[in-house]
Amino acid sequence: MADYQAKAYEQQAQADAQAAAFEQGQERDKQDLLQAQARAQAGASGVGIAGSPTEVLAANARQGQADLGALLYGSKLRQNNLNSQAAISRFQGKQAVTASIFNAGSALVGGLSKIYDPTKAAASSAAAAAVPGRSVIFGSAALRAPWAGNT
């Protein structure tokens, strides 16, 4: 389950990268259009492209590049976050596997300890040593009889 969740996070990171690339393309197109409109307005007004209009166009271009950089930076942050979530999910999955192995081992040891009780084992071995071989036991006394094969 953790691996599935990690893959989902990785797919989200990849989708975010693709969305950011598309968004950057859209923003570039928008900025190119705005720059072209600004040049056209400057030319239509009869003002030369030198001086103040050039500075405005350059400032617009710099701002456009900053906007594109901000888009890329935000996408990288989201991708890093999703990839970190994927790594955390995988780590938690590995921890769960390790914990289940320890829990299974603990349950096995606990079950085995209930099967073998040293206090009962000592009592039954002492009783077996007190009773001679090939005896039939009724209650707490050994019965010796020829038909039992232990005369």
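Residues numbered from 1 in each chain as written. Predicted model: local features only at pLDDT ≥ 70, side-chain atom pairs only at ≥ 80, totals over all residues. Heavy atoms only, no water.

(A) Region of the structure containing the overall build of the protein chain. Looking only at helices and strands, the protein chain has three helices and two strands in total. Listing each helix as α and each strand as β along the protein chain from the N terminus yields α-α-α-β-β. Taken across its 151 residues, the protein chain has 16% of its residues classed as buried. Across the protein chain, contacts joining residues at least 24 apart in sequence account for 62% of those joining residues at least 6 apart. (Helix = DSSP H or I, 4+ residues; strand = E, 2+ residues; numbered from the N terminus. Buried < 20%, exposed > 50% of the residue type's maximum accessible area, 1.4 Å probe, protein only. Contact = heavy atoms within 4.5 Å.)

(B) Highlighting the side chain of Ser 89. Mapping Ser 89 onto the fold places it in helix α2 (residues 52-115). Residues contacting Ser 89, with those up to four places away along its chain left out, are Ala 2, Gln 5, Ala 6 and Tyr 9.

(C) Representation of the pattern of salt bridges within the structure. A complete count under the given rule lists four salt bridges for this structure. A salt bridge links Glu 10 to Arg 90, with the nearest nitrogen and oxygen atoms 2.8 Å apart. Residue Glu 10 is found in helix α1 (residues 2-44), and its partner Arg 90 is found in helix α2; the two are separated by 80 residues along the sequence. (Salt bridge = Lys/Arg side-chain N within 4 Å of Asp/Glu carboxyl O.)

(D) Region of interest: the nonpolar core. Grouped together as the largest cluster of nonpolar side chains are five residues: Ala 6, Tyr 9, Ala 13, Leu 82 and Ala 86. Sorting the residues of this core by element identifies α1 and α2 as the ones contributing at least two each. Once residues within four sequence positions are removed from consideration, Ala 86 is found in contact with Ala 6, Tyr 9 and Glu 10. (Core = buried A, V, L, I, M, F, W, Y, C linked by side-chain atoms within 4.5 Å.)

Such coordinate-based values are descriptive only and should not be taken to indicate function.
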